[in-house]
Every structure is written in structure tokens, then in C-alpha cells.
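A closer look at the structure
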Amino acid sequence: MSAFTFTDKFLFPPDFDTLNLPNSENKICVISILGKSAYHINTSKASPLNHILDRDVFKCIPEAVEETVTKGDVECFFDTENQVIYLHLRSLGDVHRVATLCQRLISEKSSKDFFSIWQKEEFRIAKMLLWMFGVSHLLLLSHPGRNFDISFVRLFRTLDSIRLKLQHSVSDQLHGLPISKDWSYNGRPCSPRVLFVFESCSLDFSVEDSESGAKGRSQKGSPIKKLQHAMEDQIYRILRKSRVITNISNNSLFAVPANQEFVFIHSEKSEVIDPVGYYLEQLRLNSTIVKDSDSPRSRSYQSSRKISQGNGSSGSRSSSTATHFKGGNSFKEFLWQHIEMALGRGFDDNVGRNPVPSLFETVTTQTWFMVANRLYQFYFGDSIDGKAQAHLNTLKSLLETDIRFSENRCNKVLPLAEAAYQESLPTHYVTNFHLSKLAQAQRVFHQFARGPACDKYLQQLEQSCEKFWRNGRQLCEEISILSNHCVNPLHKLPDDPETDENRHLPTMPHSSQLKTKAACNCGRKQTDKEDPFDHKYANFDFFDALVSTCCGELEHLELPVFKPSTSDAKASQVNRTTSIEEKGENLIKKETLKHDIVTGMGSFSLALSLGQSGGSEFLPHHDHHSGVSTTDHYTSHQSDHGLGTDEHEEGSDAPVEGGHSVETVEEEEEEEEDPQEEVEHSPDKEEESGIKPEVAESQKQEDSPKVEVDVMPSSPKQDPSSQRMEPEITINSQKSDTETSQKDETFLGKPLLKKVVELEEADTMRQHSTTEYLYGMIHSESPPHLLPKFPSWNMCCLGKSSLYNHASGLELPGFLHGSNFLLPWDVTVKAEKDKWPSIGETTTSRKGRQKKNNKDVGEMNLRIFLGDEYECPRGHRFFCSGPEKVIKVSSSSTVKDNAAKLVSLDMPLYCPCPQCRSTKGYVAQLMRLYVSTPEGPLRVTVDPHIQPTSPPCPIFTMGTENPVELPAGSLWVIRLPHIYMGDHGAYNMPTDSQHMQCCRMLKGVFSYRDLNKTS
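These figures come from a predicted structure and were not determined experimentally. (Residues numbered from 1 in each chain as written. Predicted model: local features only at pLDDT ≥ 70, side-chain atom pairs only at ≥ 80, totals over all residues. Heavy atoms only, no water.)

Some remarks on the environment of Phe152
Using the following cut-off: Helix and strand definitions follow DSSP, with helices as H or I runs of at least four residues and strands as E runs of at least two, each counted in order from the N terminus. Burial classes: relative accessible area under 20% of the type maximum marks a residue as buried, over 50% as exposed, and values in between as partly exposed (1.4 Å probe, protein chains only). Contact criterion: two residues are considered in contact whenever any of their non-hydrogen atoms come within 4.5 Å of each other.
With respect to the helices and strands, Phe152 occurs in helix 5 (residues 151-174). Owing to a relative accessible area of 8%, Phe152 belongs among the buried residues under this scheme. Separated by 11 residues in sequence, Phe152 and Leu141 place their C-alpha atoms 9.6 Å apart. Every residue in contact with Phe152, bar those within four places of it in the chain, is listed here: Gly35, Lys36, Leu141 and His143.

Put into C-alpha cells, the structure is as follows:
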């Protein structure tokens, strides 16, 4: 550009028109500055040139450093007055440039490491040095310290070999330019002269030493001169021994003068290294004022006078001392003698007996810019011929000596690391073992590998070990529910679809080769059970396979399961569980519905309007999780109190059996009604008679002399906040009022409430999904509209109750000696003697009897046999009479315990096996419940609720709406799940003893209802 005035430095290549340069016809001298710099503020290795130029041209400004990193590496300044062009190379030897590259690497968050950036920059700087050695007359090699850096020797030798190889290509680039043939052939104007500059000195100077030694010491005998001459001799010997320089300078990369100084050592710092300390020192010197003076004028005068005196005396003294001590050691004089020689007759640095003429040319400014631009495009342009590119690649390889050493070292260590990985390997192994062996191989590799190629060869090691492992040595990664690995090679399951990824894999099921002993559903046959890998095999497939050989002929109870309506049914994705607030809202809606129905019937009966009669309990809670009986046909069990602690109303002297309250209602006069009388008391006849509900209600209230209320205890499965206690009302009236009350209850209970129950049951059935099934098991937190695809529970009938002999117990395989007895549970119920005669009494004919006497209705004791069976992995089975209490029999084979604890207490889900305590300490799990129901007016119900771990956790149930009622006179087995699978995984047996105590079957499993009481 025409506006460029050459008063400041610029970057090469220039962005202005070089044809309009001032004094373009004059000869110029080109000086290049390279090397390393010290880490000082606002200074660089080219800062000493500022004293020669009498201006601050070369400064270490952060903006300038960033500009050179982005746009170029060479700072240029054209001294038009002295016809000198200065080229300053900013390389990795400049600390400020390295710091800028590191900051950029951090800010850009690049994946490259610093070493890769260093190699790239080093190659670029090497090409820049080739360019500078081809266009310069003088080169200043700067050292921040006081010793010669011998690493430059290897760099110079590398550049010299590549220069000779590129000489023909460079000569082709210079062909056609207005230069001499010698320059065009050699590719450079001369063999440049290199001067060595050291920024620090090893000598310690003081004013006293300089004054005492300046009197009889000449310039040649000064310490600084002796040090410089010694450094020249040392550097010359190093360069000659390494053959960097030779007798004929035309054949060398550069030359050093034979009869001139080429080493300069800065004996004093002319640059301000610490600006803060400099300004503080100036402030201290300029602020010393005489205390006598008061006026500002006198203070300023004395201050200026003191400063001038101090500057004059100290300045003259220091200057004279420095002159005598340095012996005329001036950097300007040192450099200017070489500049004058270059602009004059040129350099002739050939030595020897038969010296040859040296090559040296000075050109005009315009010609030099033309040659420099052409060579710059040759080294850094986009289009480089193949031969030259091959030589540049050789240069890159020679510079990467550490990389070549590292690759050779890593290539030698890699087989050792692979051998360490393959040592003592099993035939098949899992990922964790593979990673551990890989870590061992990596430790061996890091022990011997060195250099920047470690990461590259470390990836090769990982790939090699990965390939070795995947070449038929992979073990199946599947883990069983009990946390055991599958020991088969990597395979696909029989029901897996074939894909490109698993086509080469063998087909087989999972197996951990760990087997346990387990019995079938009914418990009559034991066989080996594989370690389950899913809860379907653990709870269904294993037992279903034994049905054909053992349990197929028995009567089974069908439990609620999923019934698909389409062939593409899938498991539902349960994302969340119902919150407590949502449960509360649903409960409020249910309670509101019940309240509306009961309130609407308030005009029919006082008991119904109070919501306390048996009729209100016909509204069942359609929540299959609770599993609590809500009808008045069931007698609830004791929940909140222990055995024999139930509270009764006054007048209730019912006996307590096994934690249950049994009430016996005696009527003073009870007639046996004929079928005709029953027809007369039907609701239809009552409507025909014209009796209004209001009249019946009022009559009932007036004629009820005694009301006995037996409050049913809440079931332990019921949440006190979500289940309302349904009281049971027993009304005892006189003979004349019995028929009217019975008519009212019959009218209100059967036609209306039964319809409501049927509607709600139908609505519940409609809610069950037919397209999605529950992956796990039914529990208290599972969605109410989902059912499992298969039952995890099983109920089967072994036969009549007479099959069980209390003297000998159950004759089933695997039971420990003396622990195969069921426990008796005696229950007292009311019975009619003609229906249920006592022992030794025969039944009489009912013919001719129209009424029954109250004395014919009495109490009778019925015995139910219960058993909680535990089974350990080794097949040992035993019954428990209480928490962790194994049944023991006397010498006469009689059982002393009863089933009171089984009915009223929580039973643990896990119990230590008494047979395995001396070995590995296997723990038995509650697997079966046995119930032997008696013949009589009694129906036993079962409703197990399992808490698999410490709360909070879901409660697992069979999924039935109400407790399951067992027929009379039969022996039933309820097989419990082996694995309790929730929505988010299986609940295995805890390893902590405290958590194991929380795993239990909640009390209230067994209950009964009195047929005579509910008739």
C-alpha cells in the first residue's frame, strides 16, 4: 500500500506493494534474529536491536504474539536510513509464543495434545530456517543463558543435509529472476555469517572491582573480552567437530568469521525487566526532599537539583566505570562492523592453504523482496513438486527423532504386553476378566514403553487383546437372579430372533452349572433345579415341567393371569408407582361412592343408614392388592393385638381360639321353618303384603331390646389410612320380632346390594388389559389393570383331610426327622345337633318336627391343621411352629406346639436350616403352606402377603379379590414363589442379618368363617 511509511515492523510476506519501496535501487543487508528468549515482560530476543535503531521496534506485546501465531512467524523491519532489513523469527524457543499456544489449546478445548502441536510447529520453523538461511547475510543466534545450546548442532546438520537435497529445486524456482547465475545455482546470495549472542553473563561485576582494575588493564585484557574469546574457541571447535562448518564456506550451511568477533555477551541489562520495580525505584529517588523548604517552588527546585546532581555524578561515574570495565564492549559496535563489511566488500570466510573465491552478493531492495517472496511460496505454498515434497518429508522424519525412538521402543514392547495378556487365560471369560488382563498388559507396556508413541501403540494393544478375546473366547455375560454368571460361551437363546450379529453364535439356554434341590407344587417329588436366570423359570417353568409326572391329576385353583386378545401382546413399561396422594384421592372417591349408596338406603333400615350392618359390607374394595375379605361372611383375624388380647363388648362371653373372636348367639325360641314359610317371607310376598320400609324400620327400632356389636379387627394388609374398618352387627330379638327384621334385611340385602356388587365386579374385570401384561408379579404397587403372563403361585389339593395322620405327619421327601407335622388350630363354632351329632349319637328323623328347641343348638370344637414349610437349597424341608422355631416331637411322636403363632404372628421368609448350619450355613426359604380343613360348619380362608425386604417395599399377594376359601374336609398346599419379581427387579435374599429380619410373611394369612353365624 502507498500509505505504508516503513516506520514500524510488519509481517512477512508483506501485504503492501513492494515496487514502491524507497531507495529501492540501493544495496541492502539482511539480518535475521533467531534462537531462544528469556521469559521477561515486554522484552524479546530482538529487543537489543532497539538501541541500534534508536526506537522501540521489537517488543513482546501479547497482541503482537497472538498476531504472529495467527498470521505469520517472521517480524520485519526495514531501516531505510542504513539500508538494513531485520527479520525476527518467532519460534517455539520464545516463551511467550509457547504460552500463547497453550492458552489457545485450553480455550479451544481441542482433542490434540501439546506434543502433536509441538511437532507441527517444529517442522514449520525448520522450513522457515531454510528460507532464512537462503535470503540472509547475517544471522544472530540468541541464547537466554550463558551457555551454548548444543541442540542447535543437530538442527544445523539436519538443515544442511536437506539444503543440499533441495538445491536443485530452489535453483529452478529462482530461474528467470534478475539475479546472478551463481546465486541462482547455489540458491542463496552467500554463505551467511552466524553471530552468537548471549543475554546473560557469568561474571559478577562491581564498581569497586572495575575502578581498581581499570588503571592497568587494556581492552583486550578485560574479563568480558577474555570470556567472549573463550566462548568463540569453544563454539568453533564444536561446529568443526560436528562438520557444521568447513574450510570452504560455500559448501557449509553458514560460516563464522576467522579474524573477527562472532560472540557477544551482554554484560549489563539495558532493558527494563521488572517495570514495577523500575518505577518504584524512580519514585524513591525523585521523592527525597529537604525538610527545611516549605514552599512548592523551593521544593521543586531542590528536587530537580538533587535529581540533576545525582544523575550527573552517578551517571558520569557509572559511564566512565562501565567504559573502562567493558573495554568498549558495545553491541552496536559489535554488530555494525559486520554490517559495514556486508555492504562493502562482502564476507570471505574460507580458510585453508588453497582458498577458493567466496560467493557473496548484495542486491537491491526490490530484487530481494522478489526472491524472498518466491522462496517463501516454494516452502509454504500449496503447490510443491513431488521431489521437493519427498525431501521435506525426510526433513520431518529427521526432526522427529524422539518419535522414531518411541515407535521403535513401543514396537518392541508390544509383543511382550500381548504375551502378558494371553498368559494363564481360561477357555472363555467375561468382560471384567478381560479388562483385568488388559490392565495387566497395559502395566507391562507402560513399564518398558517410552515417548509420545505410547498412546498410539496402546490403542493397538487394546485392539489386539479385544480381537483375541472376541475370537471365540467370550463368555456369556448374563447373570442369574441369584447373581451367578452363565458359564456357557457367548450364545443366543432358543427363542431369540436370528440377526446378523448373532447368526454365528450357538443356540443354548443360560446355565451357571449350579443346581439346587427343590420340590414340586404339591411337595411329593424332589428333583434338581437349575439356577434361575428369569423369574418365569424360578416360579413357573420348573414346577410346570413336573406337573405331568406328579401334580397333573390333582385339583388346582386357577389364579388371575393375563389373557391376551391379540398375538402381539407385550409387557407394559411401568415407569412410576402410584403416589400416596393419588392413593388418597382414589380412596376418597371410593368412600364417597359408598357413602352415597348407604345414604340413599337410609330410609330402609337404621342399621344400613349407619353403615354398620352386614349389608354395607357387601360393597367390596375392588383392589386386588389388599386381598382383604370385605363381606360379612368372613370372620376377620386378629391384627393389632396378640394372642388372647381382643377386646369384646359387654355381654360377649365368646371364647377366644387361636387369636380369633368366635361369638355364639343363642336364641330363646327358634322354630324350624318349612319351605312354605320361607316362601311367605320372601321379598315378593313382603311387597304384596303392603308393608312399607319406613314402618318396618320404626318397628325394628322399637322392638330391638338388645344389640351386640362385634367389631372386626383390621387385617394387617390393610393400610389404616386407606381402609375403613367395617363393623359387624349381631342383633338378638325376641321371637315376634325376628321375622320382621329378617324380612327387612332380606329385602334390602339381596336385590339392591347384590346388583351393586355385580356392577363393580364387572367394572373391575373390564379394567384388566388384554394387550399388555405385567412383567413381574402382582404386588401392592403394581398397576391394577395389569395381570402377569403366568402365575407365580400355586394352590393344589392333595385330597381329603383324612390323608394327614397327626400321629405320623406328612410322608413327603426331604423333611427332617420329626419336623413333618402340621400344627393343630382348634376353633369353636356353633352347630345343630341334628346336623352335626356328637360322637356316639345318631341322627333322628325330622319328620313331624315343626320347630327346633334352643337346647338343640350348641357349640362344637373343630380342628384345623396348618403348616409353614421351609426348604433350603440342598433339599432339606421342615415345618416351623413360630419365628425360627423348628417343630420338635417327643419320644412318643406327639407334637406339643399348636398353630397359635402361625395365625397371630409374622413368620420370617428366611430361616437357617438346622441340618446345614455345620457346613456352609444354607438358609431355607418359606416355600409352602399346608392347610387341612375339617368337616363341619366352617370354611377356612387363606390370603398370604409377603414382604420381601425392609420397607418401603411392595407387598406381594396372589392377586385374588378376596381371601381364597378352601372346601371342607380337604388337604391343600399353597406353593409360594421362589423369586419375588417387582417392577424394577428381583428382591433377593439380603446379605445383612438386620434386613433379613424384615423379610416376612405378614400375619393374618389364615382365617375362617362360621357357616351357622352367616346363615
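Side note on the sheet that holds strand 1 (residues 10-12)
Hydrogen bonds along the backbone pair up the strands of a sheet, which may run parallel or antiparallel. Applicable threshold: Whether two strands pair comes down to DSSP finding at least two bridges between them. In this description, a line fitted to the C-alpha atoms serves as the axis of each element, helices being fitted only across the stretch in contact, and the angle between N-to-C directions of two axes falls anywhere from 0 to 180 degrees.
Judged by pairing direction, the sheet is mixed, and its 7 strands sit side by side in the order 1-3-4-2-5-6-7 without closing on themselves. Both outer strands of the open sheet, strand 1 and strand 7 (263-265), are each paired with one neighbouring strand and no more. For this sheet the average axis-to-axis angle between neighbouring strands, irrespective of direction, equals 25°. Where strand 3 (residues 74-79) and strand 4 (residues 84-89) come together, 6 bridges link them in antiparallel fashion. Bridge pairing links Val74 to Leu89 in strand 4.

Quick notes on the state of the cysteines
Where we set the bar: Our working definition of a disulfide is a cysteine sulfur pair at a distance within 2.5 Å.
Under the counting rule described, the total for this entry stands at 0 disulfides. Of all cysteine sulfurs, the one in Cys522 lies closest to Cys551, which takes part in no disulfide; the gap is 3.3 Å.

Notes on helix 3 (residues 95-108)
Selection criterion: Multiply 1.5 Å by the residue count of a helix minus one, and that product is the helix's expected span.
Between its terminal C-alpha atoms helix 3 stretches 20 Å, which fits the 20 Å expected from 14 residues at 1.5 Å a residue. Taken together, the buried positions of helix 3 are His96, Arg97, Val98, Thr100, Leu101 and Leu105.

A short note on a nonpolar patch on the surface
Our working definition: Like-charged residues are merged into a patch within 9 Å and nonpolar side chains (Val, Leu, Ile, Met, Phe, Trp, Tyr) within 5 Å, provided each residue has over 30% relative accessible area and no salt bridge. All accessibility values rest on the Shrake-Rupley procedure with a 1.4 Å probe; residue burial counts only the protein chains present in the view. Salt bridges are counted wherever a side-chain nitrogen of Lys or Arg sits within 4 Å of a carboxyl oxygen of Asp or Glu.
A contiguous nonpolar patch, built from Val276, Leu280 and Leu283 and spanning about 320 Å² of accessible area, is present on the exposed surface. For Leu283, the position within the fold is in helix 9 (residues 275-286). You can call Leu283 exposed: its relative accessible area is 56%.

Observations concerning unusual backbone geometry
With omega at 5°, the peptide bond leading from Phe12 into Pro13 counts as cis. Mapped onto the elements, Pro13 comes out in the loop between strand 1 and strand 2 (29-35). A cis geometry characterises the amide bond from Pro951 onward to Pro952, with omega recorded as 5°. Of note, Pro952 is situated in the loop between strand 26 (946-947) and strand 27 (964-966). Despite not being glycine, Arg243 shows a phi value in the positive range, around 60°. On the secondary structure map, Arg243 appears in the loop between helix 8 (223-241) and strand 7. With a relative accessible area of 61%, Arg243 lands in the exposed category. Positive phi outside glycine occurs at Gln513, with the angle close to 60°. If you trace the backbone, Gln513 turns up in the loop between helix 16 (454-470) and strand 8 (515-519).

A closer look at the pattern of salt bridges
Once their charged atoms are close, side chains differing in charge can pair, the charge on each being opposite to the other. Under the counting rule described, the total for this entry stands at 24 salt bridges. The closest approach of N and O atoms between Arg97 and Asp73, which form a salt bridge, is 2.7 Å. Of this pair, Arg97 sits in helix 3 while Asp73 sits in the loop between helix 2 (62-70) and strand 3, and the two are 24 residues apart along the sequence. Of the two residues, Arg97 and Asp73, neither departs from the other in class, the shared state being buried.

As for the sheet that holds strand 27
Taking strand neighbours across the sheet as the criterion, the 3 strands line up as 27-25-32 in an open arrangement whose pairing is antiparallel. Each edge of the sheet is formed by a strand with only one pairing partner; in this case those strands are strand 27 and strand 32 (1006-1010). Averaged over all adjacent pairs, the angle separating strand axes in this sheet is 35°, with direction ignored. Relative to strand 32, strand 25 (residues 938-942) runs antiparallel, the two being bridged by 5 bridges. Looking at the pairing, Val940 lines up with Tyr1008 of strand 32.

A few points about the side chain of His876
With respect to the secondary-structure elements, His876 resides in the loop between strand 19 (857-871) and strand 20 (877-882). On the accessibility criterion, His876 (17% relative accessible area) is buried.

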